[in-house]
Amino acid sequence: MSSATSVRKAPVAVSAPGKALIAGGYLVLDRAYSGVVVATTSRFYTVIQPRPATNDDGQVHVTITSPQFTDPARSYVFDAALENAMQKPATTNPFIDGPLLTALRVARARVGAAQFASLTHGSTLAITILADNDFYSQRAELDARKLPATSAALLQLPPFVSQNKSVRDVQKTGLGSSAALVTSLVGAVLRYFTDTVEPKWSHHVAQWAHCLAQGKIGSGFDVSSAAFGTHRYRRFEPSGVAPLLERGLNATGDELVRALDPASPTCLINTDVAPFRLPRGVAMLLADVAAGSNTPSLVSKVLAWRKADRAAADQLWNRIHKANMDLVAQLDTLDKLAARNAAEYDRALQTVVTQGWGKAADGKEVVQALVTVKDTLKTIRQGMRTMGECCQVPIEPDVQTSLIDECASLPGVLGAGVSWRRRFRRHLRPVLATHRRRRPGSRRP
């Protein structure tokens with residue numbers, strides 16, 4: 001029996017948003033290039049509630065439930081030092097199992113063994129994980145309710161719709177569910193034990209845990225967005241993380257703290273995060289088109305092409321990168337125009353949305369800035385299509401080109417494209433300029 005004194009803790013809830021990379025696809029794999037990642041309104045939520053343990057054995061008891069799925073609760077029992085799992089679920093889930101143990105080890109190393117024991121003694125950490133509806137395709141739910149496949153119909157669905165299937169079988173929509181899950185879980189565990197909200201700590205631990213779950217060092221922009229929201233992103237140096245990744249779940253809490261401490265000059269996660277925001281009235285919409293490509297295969301072919309023809313590849317990548325950074329500057333200009341003369345800015349956006357690009361009677365400076373953004377998005381898209389042709393891979397699948405073209409030609413639409421994601425592409429990504437405001441609490445498709 002443990003001699004530690006039990007401390008009653010209040011429940012803790014932490015959320016993390018999904019993402020879309022609007023500029024920098026493939027290029028963000030190289031730290032020499034930056035990308036622009038936009039956080040979505042849809043989020044993953046992790047709630048931790050301490051409950052009395054069935055026995056007082058001095059071990060660390062954790063249960064994790066995901067009520068939206070048919071999977072049973074996941075139960076864990078770790079020894080007090082978190083060195084061995086005395087009990088673990090029958091099925092593995094690398095995006096829960098590893099991040100949970102990693103976050104617990106980091107928390108214990110940071111607060112000390114005695115404080116950690118006082119917060120786990122005599123308690124079971126009951127963890128509930130929920131996701132907003134937009135992370136999963138709702139087509140079956142809309143059909144069951146005899147509702148059309150529209151954004152208005154999606155707003156009629158209750159929150160946290162049950163998927164009526166295992167998490168392994170669910171159809172995702174590509175908002176970065178694994179990154180948001182890992183970041184919210186890690187953030188909640190650290191918050192529970194340290195009593196502070198620390199985005200950098202959560203990001204660094206989640207970034208490493210996500211690499212561990214994937215079994216490789218990814219681009220990292222999805223975890224970065226889950227921790228920091230919308231921003232300009234430059235990848236951490238992969239070579240620094242590789243040795244720690246080889247340690248895997250054998251890495252101790254002290255090792256992890258030394259490697260991931262944001263205050264340390266030798267921190268392995270040296271991601272660059274620069275402020276960025278979409279201008280007022282410019283919104284990002286994502287549409288599930290239920291078609292996909294295997295992105296790891298595409299990435300490997302793109303990188304193989306770049307290695308084989310580095311000079312031509314770098315020339316194209318530099319051209320795309322310039323357009324990406326032009327886009328950042330142009331959106332910043334729009335943001336400043338909105339602040340300088342809000343009424344004129346709003347009238348210009350409303351005219352563009354209702355009448356088209358060539359009929360704005362006033363706000364010419366705003367309209368010209370919008371047209372410049374629209375042209376830059378075309379340049380970026382063409383660069384990506386050229387890269388696909390060079391690599392002979394469907395970076396923009398032909399079956400989606402006509403749909404993208406039609407979306408991009410609509411009044412008020414600045415541009416459209418196929419989003420870049422880690423596993424499957426199921427999204428068309430239009431970026432819209434509109435004066436109409438969403439009502440609070442509503443969700444985008």
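The chain goes by Phosphomevalonate kinase in an unreviewed UniProt entry, where it is assigned to Allomyces macrogynus. UniProt's Catalytic activity (unreviewed entry) comment on the chain is quoted here verbatim: "(R)-5-phosphomevalonate + ATP = (R)-5-diphosphomevalonate + ADP". UniProt, in its Pathway (unreviewed entry) section for the chain, records the words "Isoprenoid biosynthesis; isopentenyl diphosphate biosynthesis via mevalonate pathway; isopentenyl diphosphate from (R)-mevalonate: step 2/3."

### Things to note about the side chain of R105
Along the chain, R105 turns up in helix α1 (residues 97-111). No salt bridge forms around the buried R105; measuring N to O, its nearest opposite-charge neighbour D79 is 7.0 Å away. At 2.4 Å, the side chain of R105 forms a polar contact with the backbone oxygen of L249. Residues contacting R105, with those up to four places away along its chain left out, are L82, E83, L249, N250, A251, G253 and L256.

### Remarks on the packing of aromatic side chains
Scanning the model with the defined rule gives seven aromatic pairs in all. Judged by centre distance (5.7 Å) and plane angle (80 degrees), the rings of Y45 and F160 are edge-to-face. Within this pair, whereas Y45 is found in strand β2 (residues 34-52), its partner F160 is found in the loop between α4 (151-154) and α5 (177-194), the two being separated by 115 residues in sequence. According to the relative accessible area criterion, Y45 is partly exposed, its value standing at 22%. Counting every residue linked through ring pairs, the aromatic cluster contains F116, Y192 and F193. Above the face of the W201 ring, R110 is positioned so that its terminal group lies 4.2 Å from the ring centre. The ring of F236 has R235 sitting right over it, with the charged end atom 5.9 Å from the ring centre.

### Topic: the pattern of salt bridges
Proximity of charged atoms lets side chains of opposite charge pair with each other. Across all of its chains, the model carries 18 salt bridges by this definition. One salt bridge in this structure joins E255 and R247, with 2.7 Å as the shortest N-O distance. One salt bridge in this structure joins R381 and D405, with 2.8 Å as the shortest N-O distance. A residue pair is termed long-range when its members are at least 10 positions apart, and R381 in helix α13 (residues 364-391) and D405 in helix α14 (residues 398-408) qualify at 24 residues. Via salt bridges that share partners, D30, R306, R310 and D314 belong to a single interconnected network.

### A look at α14
When we look at burial in α14, the residues that qualify are Q400, T401, I404, C407 and A408. Burial along α14 is one-sided: seen end-on, the buried residues are contained in an arc of 135 degrees. Looking at α14, the residues exposed on the side facing more than 90 degrees away from the buried face are V399 and E406.

### What about the pairing of strand β3 (residues 60-65)?
Note: β3 against strand β4 (residues 74-78), five bridges, orientation antiparallel. Within β4, the residue paired with H61 across the bridge is V77. Across five bridges, β3 lies against strand β6 (residues 123-131) in parallel orientation. Along β6, the bridge assignment pairs V62 with L125.

Reading the values: the criteria
Residues numbered from 1 in each chain as written. Predicted model: local features only at pLDDT ≥ 70, side-chain atom pairs only at ≥ 80, totals over all residues. Heavy atoms only, no water. UniProt positions renumbered as here; feature names shortened; annotations may be inferred. Helix = DSSP H or I, 4+ residues; strand = E, 2+ residues; numbered from the N terminus. Buried < 20%, exposed > 50% of the residue type's maximum accessible area, 1.4 Å probe, protein only. Lys, Arg positive; Asp, Glu negative; His and termini not counted. Salt bridge = Lys/Arg side-chain N within 4 Å of Asp/Glu carboxyl O. Polar contact = N/O pair within 3.5 Å; in protein donor to acceptor, adjacent residues only side chain to side chain. Contact = heavy atoms within 4.5 Å. Phe/Tyr/Trp six-rings, centres within 6.5 Å; stacked < 30°, edge-to-face > 60°. Lys NZ or Arg CZ within 6 Å of the ring centre and 35° of its normal. Arc of directions from axis to C-beta. Pairing = 2+ DSSP bridges.

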